[in-house]
Each structure stands twice: as structure tokens, then as C-alpha cells.
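Listed here are the chains, written in short residue letters.
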Amino acid sequence: MTAVTVRVPAKINLQLAVGALRADGYHELVSVFMSVGLFDELTAELADSPAVTVEGAESAGVPPDRSNLAMLAADRLAAHTGRAPGVHLRIRKNIPAAAGLAGGSADAAAALLACDRLWDTRLPPDELGAIGAQLGSDVPFTLIGGVAVGEGRGEKLTPLTVEDSFHWVLAFGTGGLSTPAVYRQCDRLRAARAPGQPPDSGQRTCVDPAILRALRSGDVQALATSLGEPGSRNDLSAAALSLRPELRRTLAAGIEAGGLAAFVSGSGPTCVFLAEDAERAEQIVNGLRVSETCRAARAVVGPVTGATVAAAEEGGGNGR
Ligand code: C5P
């Protein structure tokens, strides 16, 4: 093998219950992850020395050097399997960075899978996931995709079989939000809560069974009901909205345009809307564009499968 191309999807969080801050700096969480049809593409090619190239609509702010999470992933896999990390990674970015869509984790997951095939190391999926978890909390989920409940810091996964797919609209914000900064803000808001006030949902850290039932049933109205009011299922929402108050206007504009439910994905600033069907999804996209409350809007379908080999080229040597 001389080159392997992997396609890897973005994720959204239908629920994100953030629990206590742990001694290792991460928060205990429970999340319902879903992969959606917005993809980065990564090609790993055999090379004499490591290199990264980043191109595509969302390449802004993604480092084209060894600090890139994808290259760190290739380095980890090389160290784990005893290989020299001679690989050129070409990343085509469609998933915005620092957007609450696991864009960085997606590229790390893609690099792990692509290099595993390029080098013919063929690690068991669990082992690849464990290496991925060292790079980013969302990497293990992005490798498998679909729908899963995540626990721990997001890396302990229980996949959920969902037969039907749903229509979503993603509204991208201007500029990113730093994940650690949003978690810190969440902690600050919690600390500032007056004594005696009820804890927010995160301190319960359990999955809402109504969301899982609705996903399994394929009933879009039931799913909308289970997702509740904007912010009610995502404990990072208040933090993201306090750092970016203008997102409230985006959420309102998407609902105004026909969204059945609206929420901030993960640590934001991407806002997500559930649509009844493909046609309504396009209506929401148009409504958001007219409202000028976001940088761009895209209709996507989810769940989709996780990181997948899209092409593999043979030729000139055996890749070892
Ligand atoms: O794992 P990942 O690189 O995505 O996490 C980025 C940062 O987000 C962590 O360094 C931590 O500050 C915060 N985080 C957290 N609890 C989690 C996941 C992430 O506090 N469960």
C-alpha cells in the first residue's frame, strides 16, 4: 500500500451531561453522540519524513505541522507498533475546527485508521480506540460513529442501534470556542450558583431514556420532544452562550425557520436544528442564511458510520 484515504464524519451531542471535575483535569460526563454527514477526508501516503498538508473550506486555524492532532495520532501509532512515522498526511477539512463537532478528533481518528492500513499494522478496533483516547476524548467515538452513549470522559462507549436517519441543520459560528475554556466557564457558572439552588442536570450524569427511545423508534416528533428546550440537554450550553451571547439569536432563527428542536453541539459554537425532512432542512438553511445569525449553514443526515477507508492505492513497494 502506498496511500490510504479515510473519510471521517463530524459528531453532534444530543445530550451532554457534565459531572464533576476529576483530578486529571477532565470532567466525568454522560453523552449521547451521533455522527452526521459532514466529512473530513485524510490521505496518508508513505514518505521519507513526516509532513502535513491542510486544505479545504475549513482549513483556517488548523496547523499544517507536527502539532496537528492527526500527525500526533500517526506518531502515537508508530510508537505503539514500532514503526518509523514516515508518512505525509493530506487533510481536506470540511468540519470547522473548535466548533463542538469533534473536528480535531475526527482527523486524529482518520489518521489512526489510514496509517493502520497503510502500514498494515491492522490493530484490533479496541486497541486503535485506546490509542485514540490518549489524543482526544471524542476520537474513540469518531472511529465507530453511528450513535453511542459515552461515559467516563467520553471514551467509554456503548453503541446504540438506530435504523432510521434524521435530518439536521448545522449553523457554524464565526470563530471557534476553545473546549477547555468552555468547561472552565461551566465550572465558574456552577461555583457561582447560589447555595440551595438545584444542581443542573449534569450533576445527575445519566442518559435520558426518552432520547434513546425516540432514536430507536425513528419518530422525529418524539425525538424533538425528548430534546426539549434549547440548552436543556447540554450542560455546556449555558457556558457557551455566556461566552457567545449572539448564539441565542442563531438558535431562535433556526426555530423560527422551522427547526423542531435546537441546541448547541458540545462546547459550541455550532448550533444544531432537527428538521422534519430534507425539504424542511433546506428551508431552515435558507432561513438561517437570511437571518445572518451564523457564518454558514449546512443540511446533514445522521447517524452515519464512523471513520471509513474510502480508497487505497497499491504500488511501488509493500508499505513496510
Ligand atoms: O479530550 P479533548 O482534547 O477533547 O479535551 C479538551 C479539553 O476539554 C480537556 O483538556 C479538558 O479541559 C476539557 N474536557 C473536560 N472533560 C471532558 C472532555 C474534555 O474537562 N470529559
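The notes below deal with the structure included here. (Residues numbered from 1 in each chain as written. Predicted model: local features only at pLDDT ≥ 70, side-chain atom pairs only at ≥ 80, totals over all residues. Heavy atoms only, no water.)

1. Concerning the site of the ligand
To be explicit about the condition: Residues are counted as near a molecule or strand when any one of their heavy atoms sits within 4 Å of it. Definition of a polar contact: a pair of N or O atoms within 3.5 Å, with one able to donate and the other able to accept a hydrogen when the atoms are protein atoms, and with sequence-neighbouring residues admitted only if both atoms are side-chain atoms. Only the protein chains shown count as cover for residues, with accessible areas throughout obtained via the Shrake-Rupley method and a probe of 1.4 Å. Only runs of H or I of at least four residues qualify as helices and only runs of E of at least two qualify as strands under DSSP, and these elements are numbered from the N terminus.
The immediate surroundings of the ligand are formed by G25, Y26, H27, L29, G136, S137, R153, T179, P180 and Y183. Contact distances for the ligand include 2.5 Å between an oxygen atom and a side-chain N or O atom of S137. Within the backbone of R153, a nitrogen or oxygen atom sits 3.2 Å from a nitrogen atom of the ligand. Relative to its free-state accessible area of 450 Å², the ligand is covered by the protein chains to the extent of 77%. Looking at the shell around the ligand, the elements that each hand over two or more residues are strand 2 (27–46) and helix 5 (179–191).

2. Quick notes on the sheet that holds strand 10 (residues 296–302)
Note the cut-off: Each pair of strands is called paired provided DSSP finds at least two bridges between the two strands. Every axis corresponds to a line fitted to the C-alpha atoms, with the helix fit spanning only the stretch in contact, and the corresponding angles, defined between N-to-C directions, vary from 0 to 180 degrees.
Across the sheet, which stays open at both edges, the 4 strands sit in the order 8-9-7-10 with antiparallel pairing between neighbours. Each end of this open sheet is capped by a strand with a single partner; those strands are strand 8 (261–264) and strand 10. The mean inter-strand angle of the sheet, taken between neighbouring strand axes irrespective of direction, is 25°. Sheet analysis places strand 8 next to strand 9 (residues 271–275), joined by 4 bridges and oriented antiparallel. Note on strand 9: the bridge partner recorded for V264 is C271.

3. Describing helix 7 (residues 220–227)
We apply this condition: Categorising residues by exposure relies on relative accessible area from a 1.4 Å probe, with only protein chains included: less than 20% of the type maximum marks a residue as buried, more than 50% marks it as exposed, and the intermediate range marks it as partly exposed. Starting at the helix axis, one direction is taken to each C-beta atom, and the arc is that of these directions. We call two residues contacting when some pair of their heavy atoms lies within 4.5 Å.
All buried positions along helix 7 are accounted for by V220, L223, A224, S226 and L227. The buried side chains of helix 7 occupy one side of the element, clustering within an arc of 165° when seen end-on. Residues of helix 7 that are buried in the fold lie against strand 1 (3–21), strand 7 (166–172), helix 6 (209–217), strand 8 and strand 9. For helix 7, the capping residue at the N-terminal end is D219, with a side-chain oxygen 3.0 Å from the backbone nitrogen of Q221. Downstream of helix 7 by one or two residues, G228 has phi in the positive range, about 70°.

4. So, the packing of helix 2 (residues 103–118) against helix 3 (residues 125–133)
Here is the rule: Reported orientations rely on four angle classes, namely roughly parallel under 35 degrees, roughly antiparallel over 145, roughly perpendicular from 65 to 115, and oblique for the rest. Working rule for handedness: look at the near helix, and if it is turned counterclockwise from the far one by less than a right angle, call the crossing left-handed; if clockwise, right-handed. All amino acids are sorted into three groups, where Ala, Val, Leu, Ile, Met, Phe, Trp, Tyr, Cys and Pro are nonpolar, Asp, Glu, Lys and Arg are charged, and the leftover types, Gly among them, are polar.
Relative to each other, helix 2 and helix 3 sit at 135°, their axes nearing to 10 Å. Considering their axes alone, helix 2 and helix 3 lie oblique with respect to each other. Crossing angle aside, the handedness with which helix 2 passes helix 3 is right-handed. Of the residues in helix 3, those in contact with L112, L113 and D116 of helix 2 are L128, I131 and G132. By residue class, the composition of the contact of helix 2 with helix 3 is 4 nonpolar, 1 polar and 1 charged.

5. Quick word on the nonpolar core
Side chains of nonpolar character tend, in soluble globular proteins, to be buried together. Inclusion rule: Here the nonpolar core consists of buried residues drawn from Ala, Val, Leu, Ile, Met, Phe, Trp, Tyr and Cys, with membership extended through side-chain atoms lying within 4.5 Å.
Among the nonpolar cores identified, the biggest contains 69 residues, and I12, L14, L89, W168 and L215 are the most heavily contacted of them. If you tally residues by element for this core, the top one is helix 2, at 10 residues. Once residues lying within four places of it in the same chain are set aside, the contact partners of L89 are L42, T43, A44, A51, V52, T53, A70, M71, A74, A111 and C115. Among the nonpolar cores identified, the runner-up in size contains 28 residues, and L16, A171, C271 and A275 belong to it.

6. Digging into the pattern of salt bridges
The test is simple: For this document, the term salt bridge refers to a Lys or Arg side-chain nitrogen within 4 Å of an Asp or Glu carboxyl oxygen.
This model, assessed by the stated rule, comprises 14 salt bridges. Residues D120 and R122 are paired through a salt bridge, measuring 3.4 Å at the closest nitrogen-oxygen approach. With a relative accessible area of 39%, D120 lands in the partly exposed category. A salt bridge links R280 to E276; the shortest N-O distance between them is 2.7 Å. Given the relative accessible area of 35%, E276 is considered partly exposed. Through salt bridges that share partners, R22, D24 and E28 make up one connected network.

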